[in-house]
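# Coordinate analysis (summary)
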Amino acid sequence: MAALPVPVLAMAVLLLLGCRGPGAAGQRRKEMVLSEKVNQLMEWASKRSVIRMNGDKFRRLVKAPPRNYSVIVMFTALQPHRQCVVCKQADEEYQILANSWRYSSAFTNKIFFAMVDFDEGSDVFQMLNMNSAPTFINFPAKGKPKRGDTYELQVRGFAAEQLARWVADRTDVHIRVIRPPNYAGPLMLGLLLAVIGGLVYLRGSNLDFLYNKTGWAFAALCFVLAMTSGQMWNHIRGPPYAHKNPHTGQVNYIHGSSQAQFVAETHIVLLFNGGVTLGMVLLHEAATSDMDVGKRKIMCIAGIGLVVLFFSWLLSVFRSKYHGYPYRY
């Protein structure tokens, strides 16, 4: 095969370089933009674990490519006039999670934590068709958020540990949650031990109060009511106290799903269970006490009234969570 003349060969090389030049330049520009975005986010993250964003920052750093990092964004409404109690509670847990990541030895630019407040980025809420807060969304490094990238707040609650498990599932970044020291528990235990020790010291010669059946029965009843109302579920899942729609202002104290609950809901159920229990105690006293007939009748009527009223309310709560439940009282 004959060799190409030098002018023809030179022309071919120039054409090849010309074809590759724009693509290489575009790649370099993309790398420069990405580097600027990462450097900007790292600078902000070094000053504040949760980066506050408005509409412009969100579109430039989260929505617009290129991006090789994930961004966890909390959409919230923290301004006092919004009166979103749940938003404040969720923000505290979110700050704990972000601080645990920022000050861990594994901290990298693979993931960032950000926040968009409704009053600072209402256009972002409109762009994403969002009508409730707080909401957590993971914007992955590649592609658009999928269904699992929206955190199920009503089911999981907003405890930092639950958020960390969700982040690990979506980004493969495992964060060990480190909470600030809380001395309330040890102080309460110390106070309780001090009270018990004081009673034993003051009444060392007469410890009959330790054998008081009524006192032990009341303590056991309080424990049973607390456990049956769902307090342990609250401790494990960390659900919000209630939910307030930021647009309508409507506050829901009873969760509409049988798979989740609010803290306020457990307090309501505890109150209703306590009312039923009190009614049963009055009925028992009316049947076994030595009081005159008139007082026993009054106790019987009051006991029946308490049982009927509070048990009916309990069934109403049950029916609101288990839709289609056919029975009522």
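Please refer to the structure placed before this passage.
Residues numbered from 1 in each chain as written. Predicted model: local features only at pLDDT ≥ 70, side-chain atom pairs only at ≥ 80, totals over all residues. Heavy atoms only, no water.

Judged by side-chain polarity, Leu-189, Leu-192, Leu-193, Ile-196 and Val-200 come together as a nonpolar surface patch covering roughly 460 Å² of accessible area. For Val-200, the location among the structural elements is in helix H7 (residues 184–202). (Patch = residues over 30% accessible without salt bridge, like charges linked within 9 Å, V, L, I, M, F, W, Y side chains within 5 Å. Areas by Shrake-Rupley, 256 points an atom, 1.4 Å probe, with all protein chains shown as cover. Salt bridge = Lys/Arg side-chain N within 4 Å of Asp/Glu carboxyl O. Helix = DSSP H or I, 4+ residues; strand = E, 2+ residues; numbered from the N terminus.)

At a minimum axis distance of 7 Å, the contact between helix H10 (residues 263–288) and helix H11 (residues 293–321) shows a crossing angle of 155°. Overall, the two elements H10 and H11 adopt an arrangement that is roughly antiparallel. H10 and H11 meet at a crossing whose hand is left-handed. For the contact of H10 with H11, the per-class residue count stands at 21 nonpolar, four polar and four charged. (Axes fitted to C-alpha atoms, helices over the stretch in contact; angles between N-to-C directions. Parallel < 35°, antiparallel > 145°, perpendicular 65-115°, else oblique. Left-handed = near helix turned anticlockwise from the far one by under 90°. Nonpolar A, V, L, I, M, F, W, Y, C, P; charged D, E, K, R; others polar.)

Moving on: the pairing of strand E4 (residues 135–139). Across the five residues of E4, five count as buried, placing the element largely inside the fold. The side-chain alternation of E4 yields two buried faces, one formed by Thr-135, Ile-137 and Phe-139 and the other by Phe-136 and Asn-138. Taken together, the five bridges between strand E2 (residues 70–76) and E4 define a ladder with antiparallel strand orientation. Opposite Val-71, over in E4, you have Phe-139 as the bridge partner. (Buried < 20%, exposed > 50% of the residue type's maximum accessible area, 1.4 Å probe, protein only. Pairing = 2+ DSSP bridges.)

The biggest cluster of nonpolar side chains holds 53 residues, and the ones touching the most others in it are Phe-75, Leu-97, Phe-113 and Phe-136. At eight residues, helix H3 (residues 85–102) tops the list of elements feeding residues into this core. Each residue touching Phe-75, except ones within four places of it in the same chain, is listed here: Phe-58, Val-116, Val-124, Phe-125, Leu-128, Met-130, Ala-133, Pro-134, Thr-135, Ile-137 and Phe-139. Val-269, Phe-272, Leu-314 and Val-317 belong to the second-largest nonpolar core, a separate cluster that totals six residues. (Core = buried A, V, L, I, M, F, W, Y, C linked by side-chain atoms within 4.5 Å. Contact = heavy atoms within 4.5 Å.)

Below, the discussion takes up the sheet that holds strand E3 (residues 111–117). With mixed pairing, four strands are arranged side by side in an open sheet as E1-E3-E2-E4. Strands with a single pairing partner mark the edges of an open sheet, and in this sheet they are strand E1 (50–52) and E4. Going across the sheet, the axis of each strand differs from the next one's by a mean of 30°, ignoring polarity. The sheet strands contacting helix H6 (residues 160–171) are E2, E3 and E4, and the helix crosses E4 at an angle near 25°.

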